[in-house]
Structure formats: structure tokens, C-alpha cells
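# Understanding the architecture of this molecule
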Amino acid sequence: MIIDIDKLPKDGLELRRNFEFPSLELVEEEAVFLQPVQAEVSIKRVDEEIWVKGRVKTVLSFICARCLSPFEYPVDSAFDLVLLPEEMRELKDEFDEEDADRLFYRSRRIDVREVILEQLNLTFPARPLCSESCEGLCAVCGKIRREGDCGCQVKETDSRLETLKILKKDKRT
Ligand SMILES: [Zn+2]
Ligand SMILES: [Zn+2]
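Here's what I pulled together on the structure shown here. (Residues numbered from 1 in each chain as written. Chains lettered and ligands numbered in written order. Predicted model: local features only at pLDDT ≥ 70, side-chain atom pairs only at ≥ 80, totals over all residues.)

## Quick word on the overall build of the chain
Note the threshold: Segments assigned H or I by DSSP are reported as helices when at least four residues long, segments assigned E as strands when at least two residues long, and all are numbered from the N terminus. Between the buried cut of 20 or more and the exposed cut of 12 or fewer other C-beta atoms within 10 Å of a residue's own C-beta lies the partly exposed class, and all C-beta atoms are placed from the backbone. What counts as a contact here is a pair of residues whose C-beta atoms, placed from the backbone, lie within 7 Å.
A count of helical and extended segments in the chain gives three helices and eight strands. Counted from the first residue to the last, the chain has its helices and strands arranged as β-β-β-β-β-β-α-β-β-α-α. Per-residue burial for the chain yields a buried fraction of 13% across its 173 residues. Summarising the internal contacts of the chain: among those between residues at least 6 apart in sequence, 55% fall at separations of at least 24.

## Side note on the nonpolar core
The line we're drawing: Among buried residues, those of type Ala, Val, Leu, Ile, Met, Phe, Trp, Tyr and Cys that are joined through C-beta atoms within 7 Å form a set called a nonpolar core.
Counting 13 residues, the largest nonpolar core has Ile43, Val52, Ile110 and Ile116 as the members making the most contacts within it. Mapped by element, the contributors of at least two residues to this core are strand E4 (37–46), strand E5 (49–63) and helix H2 (112–122). It is E4 that provides the largest number of residues to this core, a total of four residues. Those residues in contact with Ile116 that sit more than four places away from it in its chain are Phe19, Val37, Ala39 and Val56.

## Some thoughts on the environment of Leu83
Within the fold, Leu83 resides in strand E6 (residues 70–85). Leu83 sits in the buried class, given 20 other C-beta atoms within 10 Å. In this structure the C-alpha to C-alpha distance between Leu83 and Glu49, which are 34 residues apart in sequence, comes to 5.8 Å. What Leu83 contacts, discounting residues up to four positions off in sequence, is Ile50, Val52, Leu103, Phe104, Tyr105 and Ile110.

## Points about unusual backbone geometry
Notably, Asp47 is not glycine yet its phi reads approximately 55 degrees, a positive angle. Its location among the elements puts Asp47 in the loop between E4 and E5. Even without being a glycine, Leu68 presents a positive backbone phi close to 60 degrees. Residue position: Leu68 is located in the loop between E5 and E6.

## As for the environment of Glu30
The topology assignment puts Glu30 in the loop between strand E2 (13–19) and strand E3 (32–33). Along the sequence, Glu30 and Ile63 sit 33 residues apart, while their C-alpha atoms lie 6.4 Å from each other.

## Considering the pairing of E6
Put simply, the test is: Two strands make a pair as long as DSSP finds a minimum of two bridges between them.
As defined by bridge partners, E5 adjoins E6 across 14 bridges and the pair is classed as antiparallel. Its bridge partner being in E6, Phe62 is matched across the sheet by Phe71. The turn linking E5 back onto E6 is made up of six residues, and Leu68 within it adopts a positive phi angle of 60 degrees. As paired strands, E6 and strand E7 (residues 103–105) are joined by three bridges and run parallel to one another. For Leu83, the partnering residue across the bridge sits in E7 and is Leu103.

## What to know about H2
Our working rule: The directions from the helix axis to the C-beta atoms are what the arc is built from.
Looking at H2, one finds that the buried residues are Val115, Ile116, Gln119 and Leu120. All buried residues of H2 fall inside an arc of 130 degrees around its axis, so they share one side. Opposite the packed face of H2, turned more than 90 degrees from it, sit the exposed residues Glu114 and Leu122. Looking at the packing, one finds that the buried side of H2 touches E2, E4, E5, E6 and strand E8 (109–111).

## Observations regarding the environment of Ile63
One can find Ile63 in strand E5. The sequence separation of Ile63 and Glu28 amounts to 35 residues, and the corresponding C-alpha distance is 9.3 Å. The contacts of Ile63, once residues within four sequence positions are left out, are Glu30, Leu68, Pro70 and Pro128.

Right, here's the structure in full:
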């Protein structure tokens, strides 16, 4: 969805629509969309600046980094951005620190779909967890811990090493 900024109404533009993205476009590799993305966006031009404000809402399925189970990850996130024309970046000789986070638009156009996708990707945690208290998998049998006690004797430290030692002793006798 491309917006020509020279055709923006003076009072700005209000959009409310659903976007469908292939899950492949997400930064989180194993994430899958369970719902389309509901977006509310208002776009307003102030001189050469474009103010883009809005909200993205959807539900995704993530894989927990500890127990490796899929879990639902709802997103409901607001954003508020100012985009500058790319020519402004090119005019500058020096690229200072402050500009590193700046957003630019190209050829007097704004791709709303791209903005939405980027904002969505920014909401993802670095390490998705089904819950903060997820205990992961049993180090001995690999069973998901929250699904119940598997009965394994696990000492938090080096349980595998202990098992190896016992095996070696057995061989000697
Ligand atoms: Zn988990
Ligand atoms: Zn176990």
C-alpha cells in the first residue's frame, strides 16, 4: 500500500485496515501469524516531514526458547514516527549519531505495509518465552517440565556428567 505524499489531504489520512503478511517476512524465524494484522494509521504531512502514528494488533505463534513449544504471542502496540525525505540524508556530509535512528521516505512515497511490518518486528522479544517461569525441558529425558514430573533425578549441575561417572564405575567392577 503506497501513499503518494503529494496527494495527502491537508488534514492527513486515517486508515483502518487489515494487512496479511507471509510469516517469512517476520524477523522471528519460527513465528507464524494466527491472525491478520489489524492496523490503524494516521498519516500527516508537516512541510517535508511525514508524521505516521498508529497501532498494530495481531496474534502470532512463537516457539519458546526454553521448552521449544509453540505458544500464542499477542501484539497490541502503538507507534509514533516522523519520516524525513531521503534527499535530506544525502545532503548531509556527516552522518551523526542522532541520525542513526531516523527514518526516511524515498521518491515522495511511503509504503504503509512496510512501516507496519517494521513496527511489528520491533515488538518481538529477543528470546521468546512461553512464560517467564518456563522451566524448559528435563535434561535427562527431554520431557517438557511444566507438563508434569517425569520422575528423573536431576541435579541442576552436571547431571549428565554424574551419569557418565556412574557408568564408568560400573565398567571397572
Ligand atoms: Zn516454555
Ligand atoms: Zn525427565
